[in-house]
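Residue-level listing of the chains:
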Amino acid sequence: MKRNIPLILAFVSGLIVIFSEFIPHRPFSSIVDSLQEWFMIISGFAMLLGVMSLLRMNAAKVSTRSPDWQYHLIGIISFGLMVLMGALWGMEEQAGILGQGASISAWLGKKPFDYTYTHVFVPLSATLFSLLAFFIASAAYRAFIIRTLESNLLMIAAVIVILGRTGFGTMLTGWLPESYRFWHLPNLADYIMQYPNTAAQRAIMISAALGVIGSGLRIILGIERSYLGGDK
Amino acid sequence: MKHIYYLLIVLLLLQSAMLWANTTSSFTISDKPWDKGEALILNWNLPDGYDRLNLQKADSLMVYQDMELDEPLVSGFVDDNLDPDETYHYRLIAYNDALADSIFIEAQGQPKENWFYMHKLSFLLLFLILGSAIVFYVMAARRGKDFYIRRISGLDSMEEAIGRATEKGKPILFVPGISELDDIQTIASLSILGQLAQRAAEYNTEIIVPCRFAMVLSAAREVVKEAYLKAGRPDAYREDRIFYLTDDQFGYVAGIDGIIVREEPAANFFLGSFYAESLILAETGLSTGAIQTAGTANAHQLPFFVVSCDYTLIGEELFAASAYLSRDAQQVGSLKGHDFGKLLVILLIVVGIILEIAGQGWFKSFLMGAGS
């Protein structure tokens, strides 16, 4: 019974969502929106679970003085500070317990929560994102080492696309007459991106879409149950 | 002489009919077919010489407000974002500046909900065919038919990865993607987590699962707990190793990178929906020398995983993983349904190409959902 109720719920919800995709009439047209709203409400409550997990995990590391416990302490303090600032003075237009915090906002230029978000959180996120540039360089280096015919082809295609996307590529082949315009590096790069690349990506996307349909049906029909924790 | 007289009469009648047609104005409103009852189609026909028009709609107080038309003298307009079964009143005013004349016509309409999106007929047919094929193969598997599925090296390597982690005494890191539980990739990922956790429990190897969303955390805990129970090792289950990090994308990445660098897991699994963070995670994992298995259906992230991971599940392999690992006959049967779908798609593409070359565009239009 414990397993059957979720299975019945999954079956009914799945059928409703499928029907609503093809039936524009009420109740199907509105029921999917309701289901999504329910999901948001449940997510909101589940957030509490996440916060509890976060605090418990970090507090345990700090209390047992596990290696690098200082980072976990900073995590707890940061979390507490953000909650406190948001609760006391609010964020953006919303007021907090102490109102809009006009004096502290005048001093910082923003509300403390917004100030910390803009001047601490956003730069940290941007810093991490910027690491991608270096990782792309190291990954590209490994990918383009010529070992096999495939990696050779990959490297040639990559060089054409990289050069074709820069002014240098235009300059390199700009002298070619108009009748050979296909061989201009920007046009070659466009060709590679538009045809072989798009074809390969679409093949992956079509097969993934089939996988999604298959997985969905397996879940709706109750064949796939491992997301519930087990088979029985 | 008599014939000429009749001919003149006919010509006069024809001319007057044409004049009448040119001077008659009409304004009709009809419900947009095959929709949610949110749109009305407004059509009008104005005599020659009218160079300006004004379309107005009555608000709730029956005060007419001007409507904006994309082109000043179009002969039709679709008013959308309406409520079904409500009556809407419209007014069309056309001006003839040369004659200092104007026409004023009123009409009303009521959008109606329909019972089918006709432009999705092709999708429904394809879905029914594919769904029937999957059900057919599942039934065949139930009757005992044995199906062959090709080897997926990324999944075969799971034992190797767990074995290595056990030998080194290091944990396994499992990242279920950065999407919520409503993403089917996350569900597929959790299905694999169940299989992986069971094997990890059998080998007595620790598994770390950092989650981005609390709902995923809750499901992941349940899945791992059940896997440990199945393996007969409920005592080894540690809830604190399946934890929530943060909802923020790069905060989550920073947290996982920290775990990779500090705890140096022997095997990393990145399975689910990934975006810009895929390469950051995979490259950090590579730097620690871990065996890495990744899988996603997000085609743009696959090259990054292919470059930095030992094994990559491409697209549908992620969705097939649970069936492949469980070796459950019914699930394997459903994979045959996928294969049938692929065959069907190939067939449709070939037929579509031939018909397009032959100048028959209806097939492509039908499949692309024309008629909305």
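Cut-offs used in this document
- Residue positions are given per chain, counted from 1 along the sequence in the order it is written.
- Ligands are numbered from 1 and chains lettered from A, in the order in which they are written.
- Only residues with pLDDT of at least 70 get local features here, since the model is predicted, and only at 80 or more are side-chain atom pairs given and counted; chain-wide, interface and lining totals rely on the full set of residues.
- For the side-chain quantities, the full set of heavy atoms in the structure was used; hydrogens and water were omitted.
- Secondary structure elements follow DSSP: runs of H or I no shorter than four residues count as helices, runs of E no shorter than two count as strands, and numbering proceeds from the N terminus.
- Just to be clear, the radius of gyration here is over C-alpha atoms, and the globule rule we use is 2.2 Å times residues to the power 0.38.
- Buried residues are those whose accessible area, probed at 1.4 Å on protein chains only, stays under 20% of the maximum for their type, while exposed residues exceed 50% and partly exposed ones sit between those limits.
- Contact criterion: two residues are considered in contact whenever any of their non-hydrogen atoms come within 4.5 Å of each other.
- What sets the accessible areas is the Shrake-Rupley method with a 1.4 Å probe; for residues, cover comes only from the shown protein chains.
- In this count, Lys and Arg are taken as positive residues and Asp and Glu as negative ones, while His and the chain termini are left out.
- Note that the charge is assigned to NZ on lysines, CZ on arginines, CG on aspartates and CD on glutamates.
- Start and end positions for the domains come from either an automated domain assignment or a database one.
- The rule for pairing is simple: two strands pair if DSSP sees at least two bridges between them.
- Throughout, right-handed denotes a crossover for which the path from the first strand over the helix to the second runs clockwise when the strands point away from the viewer.
- To obtain an axis, a line is fitted to C-alpha atoms, over the contacting stretch when the element is a helix, and the angle between two such axes runs from 0 to 180 degrees between their N-to-C directions.
- Buried surface area refers to the total accessible area, computed with a probe of radius 1.4 Å, that the two partners give up upon joining, counted for both partners together.
- Any Lys or Arg side-chain nitrogen located within 4 Å of an Asp or Glu carboxyl oxygen qualifies as a salt bridge.
- For this analysis, a polar contact is any N or O atom pair within 3.5 Å, provided that within protein one partner can donate a hydrogen and the other can accept it, and provided that sequence-adjacent residues contribute only side-chain to side-chain pairs.
- We define a nonpolar core as any set of buried Ala, Val, Leu, Ile, Met, Phe, Trp, Tyr and Cys residues linked to one another through side-chain atoms lying within 4.5 Å.
- Confidence of the prediction at every residue is given by pLDDT, a number between 0 and 100.
- Orientation categories follow fixed angle ranges, with anything under 35 degrees roughly parallel, anything over 145 roughly antiparallel, 65 to 115 roughly perpendicular, and all other angles oblique.
- Crossing chirality is assigned from the near helix's rotation relative to the far helix, an anticlockwise turn below a right angle marking it left-handed and a clockwise turn marking it right-handed.
- Only Asp, Glu, Lys and Arg are considered charged, only Ala, Val, Leu, Ile, Met, Phe, Trp, Tyr, Cys and Pro nonpolar, and every remaining residue, Gly among them, polar.
- Expected helix span is given by 1.5 Å per residue-to-residue step, counting one fewer step than there are residues.

Engineer: Would you take a moment to explain the overall build of chain A for this structure?
Structural biologist: The helix and strand tally for chain A stands at eight helices and zero strands. Moving toward the C terminus, one meets the helices and strands of chain A in the order α-α-α-α-α-α-α-α. For 232 residues, the compact-globule estimate of 2.2 N^0.38 gives 17 Å, and chain A exceeds it by more than 25% at 27 Å. Looking at chain A as a whole, 32% of its 232 residues are labelled buried. Once local pairs closer than 6 in sequence are excluded, the contacts in chain A between residues at least 24 apart make up 31%. With an accessible surface of roughly 14900 Å², chain A has 73% of that area assigned to carbon and sulfur atoms.

Engineer: Explain the overall build of chain B here, please?
Structural biologist: Each helix and strand counted, chain B has 11 helices and 13 strands in total. For chain B, the spread of C-alpha atoms along the three principal axes comes to 115 × 50 × 35 Å. Put simply, chain B has 372 residues, and 49% of those count as buried. Expressed as a percentage of contacts within chain B between residues at least 6 apart in sequence, the contacts between residues at least 24 apart total 66%. Chain B carries 29 positive and 47 negative side-chain charges, and their two centres are separated by 10 Å.

Engineer: How should I be thinking about the domain arrangement of chain B in this particular structure?
Structural biologist: When the parts of a complex come together, some accessible area is lost, and that lost area is often used as the size of the interface. Each domain of chain B was delimited in the assignment, giving domain 1 (2-109) and domain 2 (147-327). Computed from C-alpha coordinates alone, the two centres of domain 1 of chain B and domain 2 of chain B are separated by 63 Å.

Engineer: Explanation requested: the pairing of strand β8 (residues 172-175) of chain B in the structure shown.
Structural biologist: Side-chain direction in a regular strand flips from residue to residue, so the side chains alternate between the two faces of the sheet. All names here are of chain B. By the alternation rule, side chains of β8 split into I172 and F174 and L173 and V175, which are all buried. As paired elements, β8 and strand β9 (residues 207-211) share two bridges and run parallel to each other. Across the sheet, residue I172 finds its bridge partner in β9, namely I207. For the crossover from β8 across helix α4 (residues 184-203) to β9, the handedness is right-handed. Here β8 pairs with strand β11 (residues 267-271) via four bridges, running parallel. Its bridge partner lying in β11, I172 is registered against A267.

Engineer: Help me out: how do you make sense of the sheet that holds strand β5 (residues 76-79) of chain B in this one?
Structural biologist: Think of a sheet as strands paired side by side through backbone hydrogen bonds, with each pair either parallel or antiparallel. Residue and element names in this part refer to chain B. The strand order across the open sheet built from three strands is β1-β2-β5, with neighbouring strands paired in antiparallel fashion. On the outer flanks of this sheet lie β1 (26-31) and β5, each paired with one strand and no other. Pairwise comparison of adjacent strand axes, ignoring direction, gives a mean angle of 15 degrees for this sheet.

Engineer: Is there a simple way to think about the interface of chain B and chain A in this case?
Structural biologist: Counting residues at the interface gives 75 residues for chain B, matched by 61 residues for chain A. Between chain B and chain A, the buried area comes to about 5700 Å², and carbon and sulfur atoms account for 70% of it. Linking chain B to chain A there are five salt bridges. Among the salt bridges present, the one from R26 of chain A reaches E113 of chain B, with a minimum N-O distance of 2.9 Å. Our enumeration of links across chain B and chain A arrives at 14 residue pairs in polar contact (both at pLDDT 80 or more). Considering each element in turn, the side of chain B that touches chain A owes the most residues, 10 residues, to helix α5 (residues 214-230) of chain B.

Engineer: Explain the pairing of β5 of chain B here, please?
Structural biologist: Residues and elements named next belong to chain B. Side chains F77 and D79 project from β5 onto a buried face, and the interleaved G76 and V78 project onto a face without burial. Inspection of the sheet shows strand β2 (residues 40-45) paired to β5 by four bridges, in the antiparallel sense. Note that in β5 the partner of N43 across the bridge is G76.

Engineer: Could you clarify how one ought to interpret the nonpolar core in this entry?
Structural biologist: As a rule of thumb, nonpolar side chains are buried together in soluble globular proteins. Residues and elements named next belong to chain B. Counting 56 residues, the largest nonpolar core has I172, L193, I207 and F269 as its most contacted members. Among the elements that make up this core, the one with the highest residue count is α4 (10 residues). In contact with F269, not counting residues within four places along its chain, are M158, A161, I172, L173, F174, V175, L196 and T293. With 26 residues, the next largest nonpolar core counts L173, F243, I259 and I280 among its residues.

Engineer: Please clarify how the confidence of the model for chain B should be interpreted in this entry.
Structural biologist: Regions with low pLDDT carry predicted coordinates that are not meant to be interpreted in detail. On average, residues of chain B carry a pLDDT of 89, and 95% of them reach 70 or more. Per-element mean pLDDT across chain B ranges from 64 in helix α1 (residues 2-23) of chain B up to 97 in β8 of chain B.

Engineer: Hey, could you run me through the pattern of salt bridges in this one?
Structural biologist: Any two side chains of opposite charge can pair, given that their charged atoms come close. For the structure on display, the rule yields 24 salt bridges over all chains. If you follow the salt bridges from partner to partner, you end up with E206, R238, D240, R241 and E263 of chain B in one network.

Engineer: Would you mind showing me how to read the packing of helix α6 (residues 149-164) of chain A against helix α8 (residues 185-220) of chain A here?
Structural biologist: Angle between the axes and distance between the axes are the two parameters that describe a pair of packed helices. Residue and element names in this part refer to chain A. It is at 8 Å that the axes of α6 and α8 come closest, and there the two elements cross at 125 degrees. Between α6 and α8, the angle falls in the class oblique. When you trace α6 past α8, the crossing you get is left-handed. Residues A157, I160, V161, L163 and G164 of α6 touch α8, and the partners they reach there are L185, P186, L188, A189, I192 and M193. Looking at side-chain class alone, the contact of α6 with α8 contains 10 nonpolar, one polar and no charged residues.

Engineer: Just checking my understanding: could you explain the domain arrangement of chain A for this structure?
Structural biologist: Residues and elements named next belong to chain A. According to the domain assignment, chain A contains domain 1 (1-63), domain 2 (67-131) and domain 3 (144-232). Summarising the inter-unit geometry, the C-alpha centres of domain 1 and domain 2 are found 30 Å apart. Counting residues at the interface gives seven residues for domain 1, matched by five residues for domain 2. Tallied by class, the residues present in the side of domain 1 that touches domain 2 amount to five nonpolar, one polar and one charged.

Engineer: Even after reading the chapter, I still don't get the side chain of T173 of chain A, so can you show me in this structure?
Structural biologist: By the element assignment, T173 of chain A lies in helix α7 (residues 167-173). When its relative accessible area of 13% is taken as the criterion, T173 of chain A is described as buried.

Engineer: Looking at this model, I keep getting lost on α5 of chain B. Mind explaining?
Structural biologist: One turn of an α-helix holds 3.6 residues; hence residues three or four places apart share an orientation. Along its 17 residues, α5 of chain B runs 24 Å from first to last C-alpha, staying within 8% of the 24 Å computed at 1.5 Å per residue. Counting buried positions over the 17 residues of α5 of chain B gives 12, a clear majority of the element. When we look at burial in α5 of chain B, the residues that qualify are A214, M215, V216, L217, A219, A220, R221, V223, V224, E226, A227 and Y228 of chain B. Structurally, α5 of chain B contributes buried residues whose contacts are with α2 (28-63) of chain A together with α4, β9 and β10 (242-244) of chain B. Backbone geometry just after α5 of chain B places G232 of chain B at a positive phi near 75 degrees.

Engineer: Can you help me understand the sheet that holds strand β4 (residues 64-66) of chain B in this one?
Structural biologist: Residue and element names in this part refer to chain B. Strand order in the open sheet made by the four strands is β4-β3-β6-β7, with antiparallel pairing throughout. Both edges of this open sheet fall to β4 and β7 (101-109), since each of them pairs with a single strand only. Strand-to-strand twist across the sheet, computed as the mean angle between neighbouring axes with direction ignored, equals 25 degrees. Bridge count for strand β6 (residues 88-96) against β7 is nine bridges, and the pairing is antiparallel. Considered in β7, the bridge of I93 is made with F104.

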